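Here is what each chain is made of, one letter per residue.
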Amino acid sequence: MRLASPSFLLKSISIAAISYLAVRYARQAVMSTPRTIVVGGGLAGLSAAHTALENGATVVLLDKKPSLGGNSVKASSGINGAGTSAQKKHGIVDTPEAFYKDSAASARDLARPHLIKALTDHSAPTLQWLVDVFGVDLSLVARLGGHSIPRTHRGKGGAPGWAMTSALVKALEARSDRAQIIKDARVVSLVRDAGRVTGVEYEVEGERRTELGAVVIATGGYAADYATGGFLSQHRGDLMTLPTTNGDHATGDGHRLAASLGGALCDMDQVQVHPTGFVDPKDPDAKTKFLAAEALRGVGGLLVDRNGARFVDELERRDTVTAAMQAAEAPIRLLLNPQAAAALEAHCKFYMAKGLMKRYENAATVAEETGIPLSALEATFTAHQAYADGREKDPFGKTNFDNATYTLDEPLLVAQMTPVVHYTMGGITVDEQARVLDEAGGPIPGLFAAGEAIGGVHGRNRLGGSSLLEAVVFGRIAGKSSTSTV
Ligand SMILES: Cc1cc2nc3c(=O)[nH]c(=O)nc-3n(C[C@H](O)[C@H](O)[C@H](O)COP(=O)(O)OP(=O)(O)OC[C@H]3O[C@@H](n4cnc5c(N)ncnc54)[C@H](O)[C@@H]3O)c2cc1C
């Protein structure tokens, strides 16, 4: 028998040792690379995914729909920021403190200072991140109801929700080296190991599969959860007959996932009814309605009752406008003069193309078709001008008058409005690090949540523009937190 030479043996041992060490280091490297599983591909989930990547993680993003975007793509008014570069360019002086004050006033007795502070303090850097990293245009600024200062940002092109979401989707698709997107994948349960959430189970192509990692729930709200026994029927049976603006994905899946492991839910009866959903003349009873962006009132739109009379400060908070509409004589109509229409030209073109808004040559043709007396329109326009000029005080307390001049001779855009279920303020209880909390107030390790799925940020009433902000701010916080605890 021939024995191996000592040099051959030495070489073999060295190769074996090197291979062993290489495998070990590779395994260690894989194990020490944080992995984040994001459930939901709206703006919150996309923001979490990008931030997890920025913090060194690999990412799997799952969405139950065939395309990403959720309700985020529909958002049409804009995103709030206080102290932004766009505000400075327009000469608008604003601070996180002023934004905090408006948000707390709107949240009223359900205000949670730590969450409002997280939202408002992060707002300007968050908008800057969208502009700098993803090239989103947020150069225009408007003032929406309940805000003491113009701070709702949008770009010159299409709807701001679409602009932001599509930019983040495109950028995530370009990161296929470290980010995987799986569509048509419905997450059905969470995986837990020794008290820590370690992954999700999901259904895709008729199979049940598992992904392991820290979990960010970003599944949106429950404003389309009309099922018997669903969250709306449990918490707000009185709203079951109202239409909704939400996509049919908004069924509170993430709330159920969190609750299944003891996650606490808060404020579940706080559901925002938006005052202005379009009544489509072709399908007036449709359960899903297009939203008439709040910016339409922000740029000077008027709300009038069946007799052509105003009945509210159009820039009041959503809950106040809704209550006034419900007390007023229907049908309620929104009127826009040419200046207001020009300020939201892209929006108005879209609404007109959909047949939701109609252009009239002058007030006389509006009167003829709607039955509103021309003299009533004249009285409304004259009085509104007097309030705008400061000659008289608006009986409804309106103090901001953009594009305030309405005349009988100029064209008018007109649309019929109805209140719609729009947004759910209630949701999963989190802390300012986006950690999901249990009933005792302690964090559930490995589980985070962001966006409309979380509750408590807006208390009793969300201000327009603050939900997209919540999605990006808490998405980023959740994405970062998910990488530091794995
Ligand atoms: C018409 C309309 C206009 C709006 N305009 C504005 C505005 O101008 N400004 C503003 O601030 N806010 C606005 N909002 C509110 C805002 O758009 C939403 O609150 C916000 O976009 C929610 O973002 P999100 O990422 O939390 O949820 P979403 O964008 O709704 O995304 C949730 C995603 O989770 C997925 N998902 C759900 N369940 C599962 C599951 N089990 N497994 C896998 N995936 C799942 C869904 O398919 C969806 O893609 C508007 C809302 C609507 C409906």
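Please read these numbers as outputs of a predicted model, since none were measured by experiment. (Residues numbered from 1 in each chain as written. Predicted model: local features only at pLDDT ≥ 70, side-chain atom pairs only at ≥ 80, totals over all residues. Heavy atoms only, no water.)

J.: With reference to specific residues and values, describe the environment of Gly277.
T.: You can see Gly277 is positioned in strand β12 (residues 271–278). In contact with Gly277, other than residues within four places in its own chain, are Phe290, Ala292, Gln416, Met417, Thr418 and Val420. (Helix = DSSP H or I, 4+ residues; strand = E, 2+ residues; numbered from the N terminus. Contact = heavy atoms within 4.5 Å.)

J.: Requested: an account of the packing of aromatic side chains, with residues and values cited.
T.: For any pair of aromatic rings, geometry is given as the distance between the ring centres together with the angle between the planes. Under the definition given, this model contains 6 aromatic pairs. With centroids separated by 4.6 Å and ring planes inclined at 50°, the aromatic side chains of Phe278 and Tyr351 adopt a geometry described as tilted. In this pair, Phe278 is assigned in strand β12 and Tyr351 in helix α13 (residues 345–353), connecting sequence segments 73 residues apart. When sorted by exposure, Phe278 lands in the same class as Tyr351, which is buried. A centroid spacing of 6.0 Å and a plane angle of 65° characterise the contact between Phe350 and Tyr351, whose relative ring orientation is edge-to-face. (Phe/Tyr/Trp six-rings, centres within 6.5 Å; stacked < 30°, edge-to-face > 60°. Buried < 20%, exposed > 50% of the residue type's maximum accessible area, 1.4 Å probe, protein only.)

J.: If you had to explain helix α5 (residues 113–121) to someone new, which residues and values would you point to?
T.: Turning to α5, its buried residues number three or more, namely Leu115, Ile116, Ala118, Leu119 and Thr120. The secondary structure elements touched by the buried residues of α5 are α4 (96–107), α6 (123–134) and α16 (466–484).

J.: Requested: an account of the sheet that holds strand β4 (residues 140–142), with residues and values cited.
T.: The antiparallel open sheet is built from 3 strands, whose spatial order is β3-β5-β4. The open sheet is flanked by β3 (79–80) and β4, the only strands paired with a single partner. Bridge count between β4 and strand β5 (residues 152–154): 3 bridges; the pairing is antiparallel. Paired with Val141 across the two strands is His153, which belongs to β5. (Pairing = 2+ DSSP bridges.)

J.: Help me get a handle on the sheet that holds strand β6 (residues 179–182), residues and values and all.
T.: One open sheet holds the 6 strands; their spatial order is β6-β2-β1-β10-β19-β18, and the pairing between them is mixed. The open sheet terminates on both sides in strands that have one partner only, identified here as β6 and β18 (435–437). Sheet twist, expressed as the mean angle between neighbouring strand axes with direction ignored, is 30°. Two strands pair when backbone bridges link them, and strand β1 (residues 35–39) and strand β2 (residues 58–62) are joined in this way by 5 bridges, in the parallel orientation. Looking across to β2, one finds that Arg35 is bridged to Thr58. Across the face of the sheet, α16 comes into contact with β1, β10 (214–217) and β19 (443–449) while running at roughly 145° to β19. (Axes fitted to C-alpha atoms, helices over the stretch in contact; angles between N-to-C directions.)

J.: If you had to explain the pattern of salt bridges to someone new, which residues and values would you point to?
T.: Going through the model one piece at a time under the given rule, you end up with 29 salt bridges. Salt-bridge contacts for Arg151 lead to Asp94; the nearest nitrogen and oxygen are separated by 2.8 Å. Pair noted here: Arg151 is in the loop between β4 and β5 and Asp94 is in the loop between α3 (85–89) and α4, with a separation of 57 residues, a long-range link. Look at Arg151 and you get buried, because its relative accessible area is 0%. Looking at Asp94, the relative accessible area reads 9%, which means it is buried. Across the salt bridge formed by Asp319 and Arg317, the nearest N and O atoms sit 3.1 Å from each other. Overlapping salt bridges, with partners in common, bring together Arg310, Glu314, Asp394 and Lys398 in one network. (Salt bridge = Lys/Arg side-chain N within 4 Å of Asp/Glu carboxyl O.)

J.: Account for the domain arrangement of the protein, naming residues and giving values.
T.: With domains assigned, the protein is organised as domain 1 (35–270 + 425–484) and domain 2 (274–420). For domain 1 versus domain 2, the separation of C-alpha centres amounts to 31 Å. Counting residues at the interface gives 22 residues for domain 1, matched by 23 residues for domain 2. Buried surface at the junction of domain 1 and domain 2, both sides included, amounts to about 1,900 Å², of which 51% is carbon and sulfur. Our enumeration of links across domain 1 and domain 2 arrives at 1 salt bridge. Between Asp319 and Arg108 there is a salt bridge, with the nearest N and O atoms lying 2.3 Å from each other. Taken together, domain 1 and domain 2 are joined by 11 residue pairs in polar contact (both at pLDDT 80 or more). (Domains from an automatic or database assignment. Buried area = accessible area lost by both parts, 1.4 Å probe. Polar contact = N/O pair within 3.5 Å; in protein donor to acceptor, adjacent residues only side chain to side chain.)

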